[in-house]
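Observations on chain architecture
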Amino acid sequence: KGTPDTLNKISIDQVHAAIVEATRNKKINKRRIAIIGGSRGGDLALLLGSYYKDIKCVVALVPSHVAFPGHTNHFTTSAWTFKGKELPFVPVNEEAVPFMIKRDLRRAFTAMLKDSIAESKALIKVERINGPVLLLSATKDHLIPGSEMCEKMIARMRAHQFKFPNEHIAIEGGHGEPQKRFDLIFQFLEKHFSF
């Protein structure tokens, strides 16, 4: 209740509050929270893990390594907020506009990411995640340069001597293909997040 009806200015602290509320259920072990998300939900899972230490494992399917604009007509606001403030995001630049008009999102995102200053400010701080991280991308993703973005996150974790298991698996196929590979997710969880 009270949340935006589009993916725009979503409060990650409100999402976290809902997770905390769910842990009141006695069947949920609040010391063993793993979060899984796909596409923009993968971005959200990574953001939650980077901001909240009680998230102990993150699985992100076809995620981005940065925050991007919200789904509005003007693309001038962040998709995410924290404590009432918009998170920095990579804006739509002039080079991206023709690709957006043609609905070539992958090339639009690739053009937007040429703004290295904005990219640097909008990075999801994956090195702060307090547990194992699994990233699944798609080799023929028509929406985002996902495999490249996942490799950037793995490199960032390594550069910060990330102490938890982390893995990137590129799945053959399009943007939705990783959703068919929950077997890999269960294997990862069993190996790195079982009791």
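Please refer to the structure higher up on the page.
Residues numbered from 1 in each chain as written. Predicted model: local features only at pLDDT ≥ 70, side-chain atom pairs only at ≥ 80, totals over all residues. Heavy atoms only, no water.

In this section: the overall build of the chain. Looking only at helices and strands, one finds seven helices and seven strands in the chain. In sequence order, the chain lays out its α and β elements as β-α-β-α-β-β-β-α-α-α-β-α-β-α. At 16 Å, the chain has a C-alpha radius of gyration in line with the 16 Å of a compact globule built from 195 residues. Considered along the principal axes of its C-alpha atoms, the chain spans approximately 50 × 40 × 30 Å. Taken across its 195 residues, the chain has 47% of its residues classed as buried. Long-range pairs, those at least 24 residues apart, make up 68% of the contacts in the chain with a sequence separation of at least 6. (Helix = DSSP H or I, 4+ residues; strand = E, 2+ residues; numbered from the N terminus. Rg over C-alpha atoms; globule rule 2.2 N^0.38 Å. Buried < 20%, exposed > 50% of the residue type's maximum accessible area, 1.4 Å probe, protein only. Contact = heavy atoms within 4.5 Å.)

To continue, consider the sheet that holds strand 7 (residues 166-171). With respect to topology, four strands assemble into an open sheet ordered 2-3-6-7, the strand pairing being parallel. The sheet terminates laterally at strand 2 (33-38) and strand 7, the two strands that pair on one side only. Neighbouring strand axes in the sheet, compared pairwise and without regard to direction, differ in orientation by 15° on average. Where strand 3 (residues 55-61) meets strand 6 (residues 133-138), four bridges bridge the pair, whose relative direction is parallel. Its bridge partner being in strand 6, Val59 is matched across the sheet by Leu134. (Pairing = 2+ DSSP bridges. Axes fitted to C-alpha atoms, helices over the stretch in contact; angles between N-to-C directions.)

Below, the discussion takes up the pairing of strand 6. Judged by how many residues are buried, strand 6 sits mostly within the fold: six of six residues are covered. Here strand 6 shows two buried faces, one formed by Val133, Leu135 and Ser137 and the other by Leu134, Leu136 and Ala138. Where strand 6 meets strand 7, six bridges bridge the pair, whose relative direction is parallel. Bridged to Leu136 within strand 7 is Ile169.

Within the secondary structure, Val66 sits in the loop between strand 3 and strand 4 (80-82). The exposure class of Val66 is buried, given its relative accessible area of 0%. Between the C-alpha atom of Val66 and that of Asp13, which follows or precedes it by 53 residues, the distance is 18 Å. Sequence-distant contacts of Val66, that is, excluding residues within four places in its chain, are made with Asp43, Val90, Leu113, Glu119, Ala122, Leu123 and Ile124.

With respect to the helices, strands and loops of the structure, Asn130 is situated in the loop between helix 5 (116-122) and strand 6. Excluding residues within four positions of it along the chain, Asn130 makes contact with Gly49, Lys53, Ile55, Lys56 and Phe164.

Here the focus is the layout of surface pockets. In this structure, the largest pocket encloses a volume near 320 Å³. Around the largest pocket, the lining comprises 18 residues; the ones closest to its centre are Arg40, His71, Leu105, Phe109 and Ile144. For the lining of the largest pocket, the secondary structure elements donating two or more residues are helix 2 (40-51) and helix 4 (105-112). If one sorts the elements of the lining of the largest pocket by residue count, helix 4 sits on top with four residues. (1 Å grid on protein atoms, 1.4 Å probe; cavity = no way out; pocket = protein on both sides within 12 Å on 5 of 7 lines; lining within 4 Å. Points joined across faces, edges and corners; volume = space filled by probe spheres on them.)

Counting residues in hydrophobic clusters, the biggest one holds 30 residues, and the most contacted among them are Leu46, Trp80 and Leu135. Setting aside residues no more than four positions away along its own chain, Trp80 makes contact with Leu7, Lys9, Ile10, Ile12, Arg40, Asp43, Leu44, Leu47, Ala67, Lys85, Glu86 and Leu87. Counting 14 residues, the second largest nonpolar core, distinct from the first, contains Cys57, Val59, Leu184 and Phe188. (Core = buried A, V, L, I, M, F, W, Y, C linked by side-chain atoms within 4.5 Å.)

Honestly, that's just the spatial picture; any functional story needs more than this.
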